[in-house]
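Residue-level listing of the chains:
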Amino acid sequence: MSTTLAMAERTPARRRAGLGRTLARHRGLLVAFLVFVALFLVVDWISPGPFSYFELSFMSSGGATLALAAMGQTFVILSGGFDLSAGAVISLVNVVLATWMGESVGSQLAMTVAALLIGGTVGAFNGFFVAFVRLQPIVVTLASMFIVQGITLLIMDKPGGMIAPEFSMALTGDVITDLLPAPIVVLLAALLVWFLVRNSRFGTGIYAVGSDEEAARAAGIATRSVKFWAYTLAGLFYGAAGAFISAQTGSADPLIGRPMLLQVFTAVVLGGTMLGGGRGGAVGSLVGAYILMIVVNILLVLNVSAYYSSVVEGLILIIAVLAGSFHRNSPVAGYLRLLATNLRARRTGTLARSHPAQPFSPELPAAPLKAGQADGASWLERHRQTLRYLVPAYVGFVVVLLATHLIYGSTLTNPAYFNSLLVLSSFLAILALGQGTAILTGGLDLSLPWMIGLIGIVTADLISGSDAAALWVIPFGLLLGTALGMANGAGIVFLGLPPIVMTIAMNGILQGAALVYSDGTPAGFASPTQRWLMTGSFLGVTPVIWLLVLFVVVALLLLGRTVFGRRVYAVGNSPLVAQLSGVGVGGTLIRTYALSGFCAALVGILLSGFSGQASLGMGDEYLLPSIAAVVVGGTLITGGRGHYLGMLGGVLLLTALATLLAGTTLPSAVRDIILGVVVLVAVLALRDRNP
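So, here is what we can say about the structure in this document.

Another aspect to go through is the overall build of the protein. Across its full length, the protein carries 29 helices and 2 strands. Once local pairs closer than 6 in sequence are excluded, the contacts in the protein between residues at least 24 apart make up 80%. Surface accessibility of the protein: about 32,200 Å² in total, with carbon and sulfur atoms responsible for 68%.

And the structure:
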């Protein structure tokens, strides 16, 4: 009897414990839902009239594209990856449908299937290289993003085309008049797919791989297959998003998906999915997409300029990631505890710096000679490993030079060609130092496009053709870029944000800042000295070439002969080992991204001098080339291995290749495709094959 009573008493406790675990597991989704309800009530309060069926239809249609794309991204993030190709796939599907869709029902059905196939094919491409070739998801999806973007521009280089009205009505109209909007049915179908996957063996595998891939493999899960199908399934959702936005707009825009990348990541994180994998779900991503849409609508109702939307989206992404990752062992909590400890030590006089010890310089034994290496080995033998990764870029550069000479003639004997080549290389050579240093630490800086754009716009506006103003504006611009780079580093170090998330968010914030500052129309122009630096002549060559020579010397000394350079390589090889060895990992990362910001600011100033003025999007075309030059130059994308001379070789190779292609009849979009392929081939050929 007593045993029965005890069991009866324990049952409610077990239920409460089980309920607590369930609530904790779905905390992100619950918070997202509560935020959505609160924002919905705010919209209802500030709206002039009561909520009606029209508002329901408008809201469901307005957020469906982002919701579908975010649900697809969720599969990838749950498996521990990232997918930067989502926006490019949406754009490709959009132009394909607007170009080839006919008015017949058969054509519309065929194009719907084609949209899913296009997305699935790109997803399978990404999944193959990530899962089976074991390349980094960031570099694979970035390369595929540019390949797909190039294909899109080859099909349609400006807005146009038409979507059949019947197709638009089928996806954006009413399933039941004045009762059930079609977008809700589309989203319910997507949720059905999610629940079927979530409750399958494959769905369990996604969570297991994202939580701990090695443990999942040990448990018998086919981890490679899971990752491959996660990317493929994500591509199918991107294809569906492309089809929906086509129905929504009724036409095509080859750049329609470009601004969606920041929004997609923000929606996923807002929905409670943890970056790094293992926790979250597509339901939360759907809710997060509508939260983001409502926030933008609130800004519009309050007459806030649309230019602020990307700023808000970037800030929301940072706050959401920070809120979702804040726990006892998070970097923020650790730094707060360290600060409290330092304050107590300062108050009690027990700080280590208050009691300096005697300097200790231990004698380190000489490094043992490798097998077959004689004492007093030659320079070539000592640097054989470095040259293995550095030389291919220069070999490729020579091959491109010979091909250019054979096609156009007199290239190798034409000083003007080499002068132009070095001038055009100067931008990438500068960016390669900042981006390359970030990659050497195991990170990546995706904020370069609008770091270049913002600094170029601000400095050109303040200079407005005055050399006197340039004397203080240029240093100000360089300091501003450095400070913004430090903000990137601080977010990565103190907030514990992944570099890709922090720099994507910063890129969106800087884009909005540039639009707000210029009101969408940049003003001002470069000073005469800036123009002379980029287009004049000094000792027989363009003056910027002398600046480039000085910059290369400084870069080689910085990475090869300074304490900072050694710390960069140490952090890239192993942050934990570097920290245990006394390296200030946090300080090194902050300085790294400050250097990247400085380089981007310098390029923004030089570009405005080269063209005479700044323009919106002036930095967009430099993101992939800055990464490609570093990777082609033999730098390991995961960090710890690389040399600036190799990066410089990659810059010369890519610039010579772009110059060669510019003289052909090939469309400019082909360059994006070639760059994407070059990055994949370089990463594949030069990756570290050591176990």
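Before going further, it helps to examine the side chain of glutamine 73. Looking at the element boundaries, glutamine 73 is found in helix α3 (residues 53–78). The exposure class assigned to glutamine 73 is buried, which follows from its relative accessible area of 0%. A polar atom in the side chain of glutamine 73 sits 2.9 Å from the backbone oxygen of aspartate 83. Setting aside residues no more than four positions away along its own chain, glutamine 73 makes contact with Phe82, Asp83, Ala86, Tyr238, Val264, Phe265 and Val268.

A few words on the pattern of salt bridges. Under the defined criterion, the tally for this structure stands at 4 salt bridges. Linking glutamate 214 and arginine 217 is a salt bridge whose minimum nitrogen-to-oxygen distance equals 2.9 Å. One end of the pair is glutamate 214 and the other is arginine 217, both in helix α10 (residues 213–218) and 3 residues apart, which spans about a single turn. The exposure class assigned to arginine 217 is partly exposed, which follows from its relative accessible area of 31%. With a shortest N-O distance of 3.6 Å, aspartate 620 and arginine 258 are connected by a salt bridge. Residue aspartate 620 is found in the loop between α26 (585–611) and α27 (623–632), and its partner arginine 258 is found in the loop between α11 (223–249) and α12 (260–270); the two are separated by 362 residues along the sequence. Judged by its relative accessible area of 26%, aspartate 620 falls in the partly exposed class. Three or more residues are tied together by salt bridges with common partners; here these are Glu213, Glu214, Arg217 and Lys227.

Turning next to the environment of phenylalanine 51. Here phenylalanine 51 lies in the loop between α2 (27–46) and α3. In contact with phenylalanine 51, other than residues within four places in its own chain, are Phe40, Asp44, Leu56 and Met59.

What follows covers α11. For an α-helix, 3.6 residues make a turn, and residues three or four places apart therefore share a direction. In a regular helix each residue adds 1.5 Å, so 27 residues correspond to 39 Å; α11 covers 39 Å between its end C-alpha atoms and thus fits that length. Of all 27 residues that make up α11, 20 are buried, and the element is covered over most of its length. Note on α11: the residue one or two positions beyond its end, glycine 250, has a positive phi of about 75°.

Here a ring pair, both rings aromatic, is described through the centre-centre distance and the interplanar angle of the planes. Under the counting rule described, the total for this entry stands at 13 aromatic pairs. Each member of the aromatic cluster is reached from another via a ring pair, and the members are Phe125, Phe128, Phe129, Phe132, Phe228 and Trp229.

Here the focus is unusual backbone geometry. We note that aspartate 178 has phi near 60°; this positive angle belongs to a residue other than glycine. Tracing the sequence through the fold places aspartate 178 in the loop between β1 (174–176) and β2 (180–181). Using a relative accessible area of 56% as the deciding quantity, one classes aspartate 178 as exposed.

The buried count for α27 comes to 10 of 10 residues, which makes it a mostly enclosed element. Listing the buried residues of α27 in full gives Leu623, Leu624, Pro625, Ser626, Ile627, Ala628, Ala629, Val630, Val631 and Val632. At the exit of α27 stands glycine 634, carrying a positive phi of roughly 95°.

Of all hydrophobic cores here, the largest spans 187 residues; its most connected members are Leu97, Phe167 and Tyr644. A per-element tally of this core places helix α18 (residues 415–440) first, with 13 residues. Here leucine 97 is in contact with Met111, Ala115, Met162, Ile163, Phe167, Ala243 and Ser246, once residues within four sequence places are set aside. Counting 7 residues, the second largest nonpolar core, distinct from the first, contains Val493, Val583, Val585 and Leu589.

Attention now moves to the environment of serine 615. Take serine 615: it is sitting in the loop between α26 and α27. By relative accessible area, serine 615 is classed as partly exposed at 37%. In this structure, the C-alpha to C-alpha distance between serine 615 and glycine 453, residues 162 residues apart in sequence, is 7.1 Å. If sequence neighbours within four positions are ignored, serine 615 has contacts with Ile457 and Pro522.

Together, Trp532, Phe538, Leu539, Trp546, Val549, Val553 and Leu557 make up a nonpolar patch on the protein surface, roughly 700 Å² of accessible area in all. Among the elements that line the nonpolar patch, the one with the most residues is helix α23 (residues 543–561), at 4 residues. Assignment of secondary structure puts valine 553 in helix α23.

Looking now at the packing of α3 against helix α8 (residues 182–198). Two elements in contact, α3 and α8, have axes separated by 8 Å at closest approach and are oriented at 20°. One element, α3, and the other, α8, form an angle in the roughly parallel class. Regarding α3 and α8, the two cross each other, and that crossing is left-handed. For the pair α3 and α8, the contacting residues are Leu56, Ser60, Ser61, Ala64, Ala67, Leu68, Met71, Phe75 and Leu78 in the first and Pro183, Ile184, Val186, Leu187, Ala190, Leu191, Trp194 and Val197 in the second.

Before going further, it helps to examine the environment of alanine 282. Relative to the elements of secondary structure, alanine 282 occurs in helix α13 (residues 282–301). Taking C-alpha positions, alanine 282 is 9.3 Å from arginine 198, a pair spaced 84 residues apart along the chain. Once residues within four sequence positions are removed from consideration, alanine 282 is found in contact with Met71, Thr74 and Trp194.

Take the side chain of serine 425 next. In this structure, serine 425 sits in helix α18. In this structure, serine 425 is in contact with Val651, Leu652 and Thr655, ignoring residues within four places of it in sequence.

Reading the values: rules and limits
Residues numbered from 1 in each chain as written. Predicted model: local features only at pLDDT ≥ 70, side-chain atom pairs only at ≥ 80, totals over all residues. Heavy atoms only, no water. Helix = DSSP H or I, 4+ residues; strand = E, 2+ residues; numbered from the N terminus. Contact = heavy atoms within 4.5 Å. Areas by Shrake-Rupley, 256 points an atom, 1.4 Å probe, with all protein chains shown as cover. Buried < 20%, exposed > 50% of the residue type's maximum accessible area, 1.4 Å probe, protein only. Polar contact = N/O pair within 3.5 Å; in protein donor to acceptor, adjacent residues only side chain to side chain. Salt bridge = Lys/Arg side-chain N within 4 Å of Asp/Glu carboxyl O. Expected span 1.5 Å × (residues − 1). Phe/Tyr/Trp six-rings, centres within 6.5 Å; stacked < 30°, edge-to-face > 60°. Core = buried A, V, L, I, M, F, W, Y, C linked by side-chain atoms within 4.5 Å. Patch = residues over 30% accessible without salt bridge, like charges linked within 9 Å, V, L, I, M, F, W, Y side chains within 5 Å. Axes fitted to C-alpha atoms, helices over the stretch in contact; angles between N-to-C directions. Parallel < 35°, antiparallel > 145°, perpendicular 65-115°, else oblique. Left-handed = near helix turned anticlockwise from the far one by under 90°.

This is a description of form; function is not addressed.
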